[in-house]
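# Structure assessment
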Amino acid sequence: MQTNFNLAQLADPAMAASEKILRTCVHCGFCTATCPTYLLLGDELDSPRGRIYLIKDMLEGGKPASQEVVKHIDRCLSCLSCMTTCPSGVHYMHLVDHARAHIETTFARPAGDQFLRALLAQVLPYPNRFRLALIAAKLGAPFRGLVARLPRVGNRLAAMLDLAPAQLPGREPTNRVGRFAPQGGQAAKRVALLRGCAQSVLRPDFNAAAIRLLNRHGIEVVHAEEGCCGALTHHMGKEASSHAHAKRTIDVWDAEIAKGLDAILVTASGCGTTIKDYGFMFRDDPAYAEKAQRVSSLAKDVTEYVAQLDLAATVESDLVVAYHSACSMQHGQGIRTEPKTLLKRAGFTVKDVPEGHICCGSAGTYNILQPELAAKLRARKVANIERIRPDVIATGNIGCATQIGKGTGIPIVHTVELLDWATGGPKPAALDGVAPRLEAAE
């Protein structure tokens with residue numbers, strides 16, 4: 001793609017990086033075949049290629065974001081399926097991130113939109129605030145009909161109420177800052193495990209299973225005091241907020257690296273994609289470039305790390321598992337085979353989900369900010385999952401687990417929960433009442 005940025009514009013490192021990405025695009029349109037919003041809406045401007053044109057025109061012309069640009073960029077899930085499909089290697093993720101940051105600083109959103117986005121940014125990354133918000137959502141659930149009728153923001157506030165769990169899980173003893181020693185006391189390796197924000201409230205059992213699994217295999221696990229990784233606000237274009245969260249995380253983990261770390265593990269693939277990108281995010285920051293790259297180089301999804309271990313299954317089960325690969329896992333991090341291979345090695349029957357490359361509609365805060373499109377994508381995903389008649393759904397991302405779980409009665413668990421159970425840990429609570437087929441046959 002030909003570009004016409006001037007030298008003054010290209011002196012800005014962010015603009016120079018986006019210009020390079022734009023020049024990579026060859027207009028082929030392969031991305032349209034796998035873009036969820038284009039499949040739903042059929043509008044060229046709701047495809048990656050169309051959005052690239054809009055972003056190019058906005059950035060190249062030095063223009064503030066227009067209502068038209070904002071509408072189509074807001075509809076983008078950042079699922080990154082287009083990056084998997086693109087034969088030219090267009091790094092759409094960095095381009096759309098830049099566009100969102102530009103929108104945040106140049107476009108005056110309606111008051112209701114500003115309020116909702118500020119609310120999400122001030123609640124979701126903070127576990128205690130988020131827990132209180134979920135309690136409030138439970139109290140507000142009977143008034144959903146009234147809330148939904150509020151002008152401009154009613155549909156999105158109703159979506160927030162719909163996504164809130166009917167029952168909050170109890171506090172998990174391992175959901176704290178601290179060190180978790182391996183069985184036997186002698187650690188072969190030492191890893192840090194992201195506690196996270198929303199996941200630590202909604203599904204603390206995910207990390208609890210990871211800790212048990214790692215401890216059982218001689219690995220010391222550290223929960224540092226890192227807080228939110230910055231992913232949630234990063235994808236909303238709130239660069240100052242996301243970078244502040246990320247810097248705190250980098251500082252805390254860099255201190256642990258100095259003590260000796262083999263890896264930094266993440267059980268939420270949405271967070272993992274952002275953490276692995278810290279090196280790029282802070283490439284021009286003299287105080288953080290080196291530290292950020294150190295953190296990124298050690299970051300791994302938990303299944304990437306566990307794939308290196310010698311797991312021995314102790315529980316016989318041939319439960320049929322539908323493996324839902326989160327977009328941030330398969331497209332964002334390029335992890336496609338490790339989770340399925342691990343589940344098969346553990347004795348489960350694993351089935352791929354038809355149209356597995358298409359997003360479920362979670363996408364961070366997308367299912368709140370774009371509830372109608374998200375609901376259509378969830379219905380499509382759930383129909384494809386139920387078509388293969390699984391006993392359980394496994395995934396590696398809290399957003400997907402929440403989104404899909406609201407559309408089906410099939411239990412949904414983290415991949416690491418099944419691996420923990422298969423190698424001597426407790427049966428996942430979500431599987432209460434679901435008997436392994438081999439046991440049921442006896």
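Scope of this entry: the structure provided in the associated data block. (Residues numbered from 1 in each chain as written. Predicted model: local features only at pLDDT ≥ 70, side-chain atom pairs only at ≥ 80, totals over all residues. Heavy atoms only, no water.)

Per the secondary structure count, the protein chain includes 26 helices and nine strands. The globule rule puts the C-alpha radius of gyration for 442 residues at 22 Å, and the 22 Å found for the protein chain is close to it. Dimensions of the protein chain along its principal axes, counting C-alpha atoms only, are 70 × 50 × 40 Å. Burial analysis of the protein chain (442 residues in total) assigns 57% to the buried set. Sequence-distant contacts, at least 24 apart, represent 73% of the contacts inside the protein chain between residues at least 6 apart. Only carbon and sulfur atoms are counted for the fraction: they give 54% of the accessible area of the protein chain, which is about 18,300 Å². (Helix = DSSP H or I, 4+ residues; strand = E, 2+ residues; numbered from the N terminus. Rg over C-alpha atoms; globule rule 2.2 N^0.38 Å. Buried < 20%, exposed > 50% of the residue type's maximum accessible area, 1.4 Å probe, protein only. Contact = heavy atoms within 4.5 Å. Areas by Shrake-Rupley, 256 points an atom, 1.4 Å probe, with all protein chains shown as cover.)

If you walk across this open sheet you meet the four strands as β7-β6-β8-β9, and the pairing is parallel. Every other strand in the sheet has two partners, leaving β7 (349-352) and β9 (412-414) as the edge strands with one partner each. For this sheet the average axis-to-axis angle between neighbouring strands, irrespective of direction, equals 35°. The pairing of strand β6 (residues 320-323) with β7 spans four bridges and is parallel. Bridging across to β7, valine 320 finds its partner in threonine 349. (Pairing = 2+ DSSP bridges. Axes fitted to C-alpha atoms, helices over the stretch in contact; angles between N-to-C directions.)

The topology assignment puts histidine 102 in helix α7 (residues 92-106). Beyond its immediate stretch of four places on either side in the chain, histidine 102 contacts Met58, Leu59, Lys63, Pro64 and Ala65.

Quick look at the sheet that holds strand β3 (residues 219-223) now. The five strands are arranged β1-β3-β2-β4-β5 in an open sheet whose pairing can be described as mixed. The sheet is open, and its two borders are formed by β1 (178-180) and β5 (299-301), each paired with just one other strand. In this sheet, adjacent strand axes meet at a mean angle of 30° when their direction is disregarded. Sheet topology places strand β4 (residues 263-266) next to β5; three bridges connect them, and they run parallel.

One broad trend across soluble globular proteins is that nonpolar side chains are buried collectively. Ranked by size, the top nonpolar core spans 98 residues in total, and within it Leu214, Ile275, Tyr278, Val306, Leu343, Phe348 and Leu418 carry the most contacts. Judged by nonpolar contacts, the second largest core, of 28 residues, contains Leu22, Ile73, Val96 and Phe107. (Core = buried A, V, L, I, M, F, W, Y, C linked by side-chain atoms within 4.5 Å.)

What the rule picks out here adds up to three aromatic pairs. Where tyrosine 278 meets phenylalanine 282, the ring centres are 6.3 Å apart and the plane angle is 75°; that geometry is what we call edge-to-face. According to the relative accessible area criterion, tyrosine 278 is buried, its value standing at 0%. Taking 6.0 Å as the distance between ring centres and 40° as the angle between the ring planes, the aromatic pair formed by phenylalanine 348 and tryptophan 421 counts as tilted. In this pair, phenylalanine 348 sits in the loop between α21 (338-345) and β7 while tryptophan 421 sits in helix α25 (residues 415-422), placing the two residues 73 residues apart along the sequence. Comparing phenylalanine 348 with tryptophan 421 shows no difference in burial state: the two are buried. Here arginine 283 stacks its cationic end above the ring of phenylalanine 280, 3.8 Å away from the centre of that ring. (Phe/Tyr/Trp six-rings, centres within 6.5 Å; stacked < 30°, edge-to-face > 60°. Lys NZ or Arg CZ within 6 Å of the ring centre and 35° of its normal.)

Turning to the packing of helix α8 (residues 111-123) against helix α11 (residues 154-163), a few remarks are in order. In the contact formed by α8 and α11, the axes pass within 10 Å of each other and the chain directions differ by 25°. Considering the angle they form, α8 stands roughly parallel to α11. Residues Asp113, Leu116, Leu119 and Leu120 of α8 lie in contact with α11, whose contacting residues are Arg156, Leu157 and Met160. (Parallel < 35°, antiparallel > 145°, perpendicular 65-115°, else oblique.)

Moving on, we get to a nonpolar patch on the surface. Residues Leu132, Ile135 and Leu139 make up a contiguous nonpolar surface patch of about 330 Å² in total accessible area. For isoleucine 135, a relative accessible area of 43% translates into the label partly exposed. (Patch = residues over 30% accessible without salt bridge, like charges linked within 9 Å, V, L, I, M, F, W, Y side chains within 5 Å. Salt bridge = Lys/Arg side-chain N within 4 Å of Asp/Glu carboxyl O.)

The next subject is the packing of helix α15 (residues 239-259) against helix α18 (residues 289-298). For the pair α15 and α18, the least separation of the axes is 10 Å and the interaxial angle reads 70°. The pairing of α15 with α18 is recorded here as roughly perpendicular in orientation. Only Lys291, Ala292, Arg294, Val295 and Leu298 of α18 make contact with α15, whose side of the interface consists of Ile250, Asp251, Trp253, Asp254 and Ile257. A per-class count over the contact of α15 with α18 returns six nonpolar, no polar and four charged. (Nonpolar A, V, L, I, M, F, W, Y, C, P; charged D, E, K, R; others polar.)

This part covers helix α2 (residues 13-24). Taking 1.5 Å as the rise per residue, α2 with 12 residues should run 16 Å; its terminal C-alpha atoms sit 17 Å apart, in good agreement. Along α2, the positions that sit buried rather than exposed are Met15, Ala17, Ser18, Glu19, Ile21 and Leu22. Check the buried side of α2 and you find it contacts α1 (7-10), α4 (48-60), α7 and α17 (278-281). (Expected span 1.5 Å × (residues − 1).)

Next up on the list: helix α9 (residues 127-140). Taking 1.5 Å per residue as the helical rise, α9 with its 14 residues ought to reach 20 Å, and the 20 Å between its terminal C-alpha atoms agrees with that figure. Among the residues of α9, Phe130, Arg131, Leu134, Ala137 and Gly140 are the ones counted as buried. Those residues of α9 that are buried are in contact with α8, α10 (144-148), α11 and α12 (198-202).

Below, the discussion takes up the environment of glutamate 372. Within the secondary structure, glutamate 372 sits in helix α23 (residues 371-387). On the basis of relative accessible area, glutamate 372 is assigned to the partly exposed category, the value being 47%. Along the backbone, glutamate 372 and isoleucine 135 are 237 residues apart, and their C-alpha atoms lie at a distance of 24 Å.

What follows covers the environment of proline 169. Mapping proline 169 onto the fold places it in the loop between α11 and β1. Linking proline 169 and proline 411, residues 242 residues apart in sequence, is a C-alpha distance of 15 Å. Residues contacting proline 169, with those up to four places away along its chain left out, are Arg131, Val201, Leu202 and Pro204.

You can see arginine 203 is positioned in the loop between α12 and α13 (205-216). In this structure arginine 203 comes out as buried when scored by relative accessible area, which is 18%. Side-chain polar atoms of arginine 203 contact the side chain of glutamate 417, separated by 3.5 Å. If we ignore the near neighbours within four places in the chain, the residues touching arginine 203 are Ile398, Ile412, Val413, Glu417 and Ala430. (Polar contact = N/O pair within 3.5 Å; in protein donor to acceptor, adjacent residues only side chain to side chain.)

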